[in-house]
Amino acid sequence: MKVKSFKGGVHPEYNKHITGAKPIKVLPAPNLVVIPLSQHAGAPAEPLVKKGDSVLVGQEVGRSAGGISAAVHASVSGTVLQVEPRPSINGREVLSVVIENDGQDAKAPMTGHHDPIQLSSAEIRERIEAAGIVGLGGAAFPTAAKLNPPQGCRVEYLLINGSECEPYLTADQKLMEEYTEDVILGAKLLAKACGAEKIIIAIEANKPEALRKMRALAGSNAIEVVTLGVKYPAGGEKQLIKAVLDREVPSHGLPAQCGVLVHNVGTAWAVAKACRYGQPLIERVITVTGDGVKEPANYLVRIGTPIKDIIAAAGGFVGEPGKVIAGGPMMGLAQFNLDAPIVKGVSGILVLSDKVAKEFDPMPCIKCARCVDVCPVYLMPVTIEKFAMNAMWDEAEDYGAMDCIECGCCTYICPSKRGLLTWIRLAKTEIAEAHRRQTS
Amino acid sequence: MEDSRLILSPSPHVRDEDTTQKIMLTVAAALVPVWAAATYFFGLDSIRLVLFSMAAAVCSEALFQAVRRKPITVWDGSALVTGMLLGLSLPPSLPTWMAVFGSFIAIVIGKQVFGGLGANPFNPALVGRAVLVASFTSQMTTWTMPFTDAVTSATPLAGGQASYAELFFGTVPGSLGETSALAILLGGVLLFYRGVLDYRIPVGFLGTAAVLSAVFGQDVIYQLLSGSLLFGAIFMATDMVTSPITPVGRWVFGVGCGLILVLIRFWGSLPEGLTYSILLMNAFTPLINRWTRPRIYGQGVKQA
């Protein structure tokens, strides 16, 4: 079989065997959930409840602010203890609804549809918006907004991203294996909602079981399943489009501009649940893994479950923890406060022992150019790093700093252990700031 | 509940196992077959010159850094490699003190004055060699026959004669490490296999030299196997610090080296042009990088 791939990228230790064979376990709802009103790209949701209110499972507690925003819902039933800023996974305090679980799991009324594919595309989009669905692959872009392509763009292909190229994580893999039907239904609903003519599901070759199951069901649904070569970042939106369709998203543009929309398998699953059962996005599958946690597993967890509860459920730390990461090792966020809750875009909690999570002192650059060779958007990271270190922002922009997708390949591969991506991020921030000053 | 035990740092949180030190030691390891061949052909002179060159390079670096009160970084292995490369590029009969002087120049003038590892524009070993050639021209062009101490003036490139087999195995007069194509290729394969060698530079270099040799009616295989071309194309031109970082740039660099080499060999007053071909192209490296920027993903594509 032909395996599709892209130029650049790296081969980190995948470590998927740790949880790859473990079925999804349902994690009981915690006593306390923290629902941040900003779990997505765009404007935070506006709170709909106040201290003392009682809420039901699936009840909307934050209303979409309109435009690029998303609603948020209670993931347990109980009493609102506070609506206040709380620690979040990105290190900032975010206005959050704190709910004490009454253990009743009393559900808000939800209206499903016995055959959701009969819904019109507008109805599907409405349900997706009402369910507060955002991209579950990590970027958490509001799905309904993504389904409204810019004017003049015709969406030919819907790519369903099942590559899960981040090492360690197996949440998407298990979802495809255990909820194959939902993922396929979600894909069809998404395709209908955006008017895509063809659906392609792309899965990395290291998930043979997911490939087999998806292929078995896809055949009868006129959906193509593509095997991707195992390489990080195969699941990057731009890399996926390049590998599968040999098209490129215009620089600073959107995938729709080359006729493609990409949605994660988790998003498809959530869309299926929203359309069939009317269930909002209040739970998701995550992988808890790494050498620093006793019982690595795949869990179906309620959104808003504090990280510390998840680590406790997985048997706690092995010895001294080194690093706790929300997400995978390449793009995940290191945590310092384990009260921060799981949000919609988090696909795993990775605990690395202090042996694995070692820090390095950077050495001088020897211009080996490995960062140039691995950059999947064909930048010269070492050159942008040099510009950033000298505060030469115009030159950094000229060399394409704003095209950086922050995949981390450059920093990963650097034999001198330089923090290339950190410098490029700084350049991006400075350039964006300069543009804001210019326009205002 | 902030947990002060937790390490906080930006992504990515995992790193490739390769390090700069490992790369340097890989180059040193790839030079071992070359050194072994040199020792087989030229005996103790090979041990003497290479050992003293390496020791002088490492000591010069440590001394210079100590004098400047900078951290001493000789453990990164780069000075060791420079010393080894310089030692292997010397004629077997060269006095030891000249090798030591060459190493000192290579490290101090070729590398440290520019800021040390990664900051030097020119290949340090070749800087050392160029200074030696200019300062001690007759000693640097005095050759001995392998297995003997007999002095000869005729290297294969300077009026001598040799069969392809002699050139391939290395039983010809020449600098210590340059004579055996077999040993050099062995080292090159190791470098390539370990991902330390970008094929574009040696292929561009050797390819250009071969094509131009054919164009000007020279014996192509003889030209490729004689002199220090093969040694230089695999071990010197590929020095990461002083060669371009873009894929296209590496082709340009290799082809440029080949052009200058042939120019000097066929029309220059020197029999060999390797040192200057690479040093001149080193000077162009920043410009080549600027002119061969890769097309960025998504730039110049039409919207559907």
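Residues numbered from 1 in each chain as written. Chains lettered and ligands numbered in written order. Predicted model: local features only at pLDDT ≥ 70, side-chain atom pairs only at ≥ 80, totals over all residues.

1. Some points on the overall build of chain B
Part 1 of the argument: Scanning chain B for helices and strands turns up 13 helices and 2 strands.
Part 2 of the argument: A compact globule built from 304 residues should have a C-alpha radius of gyration of about 19 Å, and chain B, at 21 Å, falls within 12% of that.
Part 3 of the argument: With respect to the three principal axes, the spread of C-alpha positions in chain B is 80 × 55 × 30 Å.
Part 4 of the argument: The buried share of chain B, taken over its 304 residues, is 53%.
Part 5 of the argument: Long-range pairs, those at least 24 residues apart, make up 72% of the contacts in chain B between residues at least 6 apart in sequence. (Helix = DSSP H or I, 4+ residues; strand = E, 2+ residues; numbered from the N terminus. Rg over C-alpha atoms; globule rule 2.2 N^0.38 Å. Buried ≥ 20, exposed ≤ 12 C-beta atoms within 10 Å, placed from the backbone. Contact = placed C-beta atoms within 7 Å.)

2. Things to note about the domain arrangement of chain A
All names here are of chain A.
Part 1 of the argument: Annotation of chain A at the domain level lists domain 1 (16-20 + 112-277) and domain 2 (370-439).
Part 2 of the argument: Of note, the centres of domain 1 and domain 2, computed from C-alpha atoms alone, are 29 Å apart.
Part 3 of the argument: Taken residue by residue, the interface counts 6 residues in domain 1 and 6 residues in domain 2.
Part 4 of the argument: Of the residues belonging to the side of domain 1 that touches domain 2, the class tally is 1 nonpolar, 4 polar and 1 charged. (Domains from an automatic or database assignment. Nonpolar A, V, L, I, M, F, W, Y, C, P; charged D, E, K, R; others polar.)

3. Some points on the sheet that holds strand 11 (residues 224-228) of chain A
All names here are of chain A.
Part 1 of the argument: If you walk across this open sheet you meet the 4 strands as 11-10-9-12, and the pairing is parallel. Pairing within the sheet leaves two strands with one partner each, and these edge strands are strand 11 and strand 12 (260-264). Strand-to-strand, the axes of this sheet are offset by a mean angle of 25°, without reference to chain direction. (Pairing = 2+ DSSP bridges. Axes fitted to C-alpha atoms, helices over the stretch in contact; angles between N-to-C directions.)

4. Thoughts on the packing of helix 3 (residues 171-178) of chain A against helix 5 (residues 208-218) of chain A
All names here are of chain A.
Part 1 of the argument: Interaxial distance between helix 3 and helix 5 falls to 8 Å at its minimum, and their mutual angle equals 35°. Every pair of crossing elements has a handedness; the one defined by helix 3 and helix 5 is left-handed. Only E209, A210, K213 and M214 of helix 5 make contact with helix 3, whose side of the interface consists of Q173, M176 and E177.
Part 2 of the argument: When grouped by side-chain class, the residues that make up the contact of helix 3 with helix 5 number 3 nonpolar, 1 polar and 3 charged. (Left-handed = near helix turned anticlockwise from the far one by under 90°.)

5. As for the environment of G78 of chain A
Part 1 of the argument: Its place among the elements puts G78 of chain A in strand 7 (residues 78-87).
Part 2 of the argument: Between the C-alpha atoms of G78 of chain A and N31 of chain A, which are 47 residues apart in sequence, the distance is 9.5 Å.

6. Concerning the interface of chain A and chain B
Part 1 of the argument: Each partner contributes residues to the interface: chain A has 55 residues there, and chain B has 38 residues.
Part 2 of the argument: Counting only elements with at least two residues in the side of chain A that touches chain B, the list comes to strand 15 (321-326), strand 16 (333-335) and helix 12 (409-413) of chain A.
Part 3 of the argument: At 5 residues, strand 15 of chain A tops the list of elements feeding residues into the side of chain A that touches chain B.

7. Concerning the sheet that holds strand 5 (residues 60-63) of chain A
All names here are of chain A.
Part 1 of the argument: The strand order 3-5-6 describes an open sheet built from 3 strands, whose pairing is antiparallel. Strand pairing shows two members of the sheet lacking a second neighbour, strand 3 (46-47) and strand 6 (72-73), which therefore form its edges.
Part 2 of the argument: Inspection of the sheet shows strand 5 paired to strand 6 by 2 bridges, in the antiparallel sense. When the sheet's bridge partners are listed, E60 is paired in strand 6 with H73.

8. Remarks on the nonpolar core
Part 1 of the argument: Ranked by internal contacts, the top residues of the largest apolar core, which has 228 residues, are L158, L159, A187 and I201 of chain A.
Part 2 of the argument: It is helix 1 (residues 20-42) of chain B that provides the largest number of residues to this core, a total of 11 residues.
Part 3 of the argument: Split by domain, the residues of this core number at least three in each of domain 1 (16-20 + 112-277) and domain 2 (370-439) of chain A.
Part 4 of the argument: Each residue touching I201 of chain A, except ones within four places of it in the same chain, is listed here: I160, G162, A187, M214, A218, I223 and V225 of chain A. (Core = buried A, V, L, I, M, F, W, Y, C linked by C-beta atoms within 7 Å.)

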